[in-house]
Amino acid sequence: GAGVSQSPRYKVAKRGQDVALRCDPISGHVSLFWYQQALGQGPEFLTYFQNEAQLDKSGLPSDRFFAERPEGSVSTLKIQRTQQEDSAVYLCASSLERTRSNQPQHFGDGTRLSIL
Amino acid sequence: SQQGEEDPQALSIQEGENATMNCSYKTSINNLQWYRQNSGRGLVHLILIRSNEREKHSGRLRVTLDTSKKSSSLLITASRAADTASYFCATPIIQGAQKLVFGQGTRLTINP
């Protein structure tokens, strides 16, 4: 596709349920990022993949959060035993190159997660 | 925690006027990027300015960077209703990964 695609766009879950959020990056993009954006705030970094390798997961808030990118393309962010504070928009971004920080990131429209 | 602080947090102007948003950051940078976010959408990259550049233009956008003051500004000239959005500055963390650290954003409203 032409851009980063995320699904679902909206997800409502009850507290304690597990959720899985999907990201399809731009074809050929090596780097993939997940961010969490609270209402009225800027995005905050969660984790980073270079191809299938998860090189940085320092932003994951707890061990309930898990991300994978097994074939170096599609990525899934999983949240186990969801809590109300997990409610946020989860943004995925991809960029073309591996090591250069002067590459713009291309964002999907995000998944808005609401935990009841 | 967030690296940058945008100022003002909200800005409302009339169509045709210029809009200026400021960003301050804390650590040394290789570059600084500005993004736009329309309501309910993802972020769109606007412009990147490298640490050795002082000013950069792209269409109606003008970005300045003052590394001595650790600050940047984004100027949108001749604003249009379609410019209504939130604007974020972001800096990549230098240590290898490209992860971006965003400010809290400026919510810009252009009144017709």
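Undergrad: Account for the overall build of chain A, with residues named and values stated.
TA: Along its length, chain A carries zero helices and eleven strands. Element order for chain A, N to C, with α for helix and β for strand: β-β-β-β-β-β-β-β-β-β-β. For 116 residues, the compact-globule estimate of 2.2 N^0.38 gives 13 Å, and the C-alpha radius of gyration of chain A, at 13 Å, lies within 12% of that figure. Seen along its three principal axes, the alpha-carbon backbone of chain A occupies a region of about 40 × 25 × 25 Å.

Undergrad: Residue-level account of the pattern of salt bridges, with values.
TA: Applying the stated rule across the entire model yields seven salt bridges over all chains. Between A:Arg64 and A:Asp86 there is a salt bridge whose closest N-O contact spans 2.8 Å. Placement of A:Arg64 in the loop between strand S6 (53–56) and strand S7 (65–68) and of A:Asp86 in the loop between strand S8 (75–79) and strand S9 (88–95) is noted, with a sequence separation of 22 residues between them. A:Asp86 shares its class with A:Arg64; the two are buried. B:Arg62 is the partner of B:Glu55 in a salt bridge, and the nearest nitrogen-oxygen pair spans 3.1 Å. For B:Arg62, a relative accessible area of 30% gives the class partly exposed.

Undergrad: So what's going on with the state of the cysteines? Which residues, and what values?
TA: Throughout the structure, instances matching the rule amount to two disulfides over all chains. Across a sulfur-sulfur distance of 1.9 Å, A:Cys23 and A:Cys92 are joined as a disulfide pair. One quick way to see it: the torsion about the S-S bond of A:Cys23 and A:Cys92 is about -65 degrees, and its sign makes the bridge left-handed. With A:Cys23 in strand S3 (residues 19–24) and A:Cys92 in strand S9, this residue pair connects regions lying 69 residues apart in the sequence. There is no split in this pair, since A:Cys23 and A:Cys92 are both buried. For B:Cys23, the disulfide goes to B:Cys89, at an S-S distance of 1.9 Å.

Calculation criteria
Residues numbered from 1 in each chain as written. Chains lettered and ligands numbered in written order. Predicted model: local features only at pLDDT ≥ 70, side-chain atom pairs only at ≥ 80, totals over all residues. Heavy atoms only, no water. Helix = DSSP H or I, 4+ residues; strand = E, 2+ residues; numbered from the N terminus. Rg over C-alpha atoms; globule rule 2.2 N^0.38 Å. Salt bridge = Lys/Arg side-chain N within 4 Å of Asp/Glu carboxyl O. Buried < 20%, exposed > 50% of the residue type's maximum accessible area, 1.4 Å probe, protein only. Disulfide = S-S within 2.5 Å.

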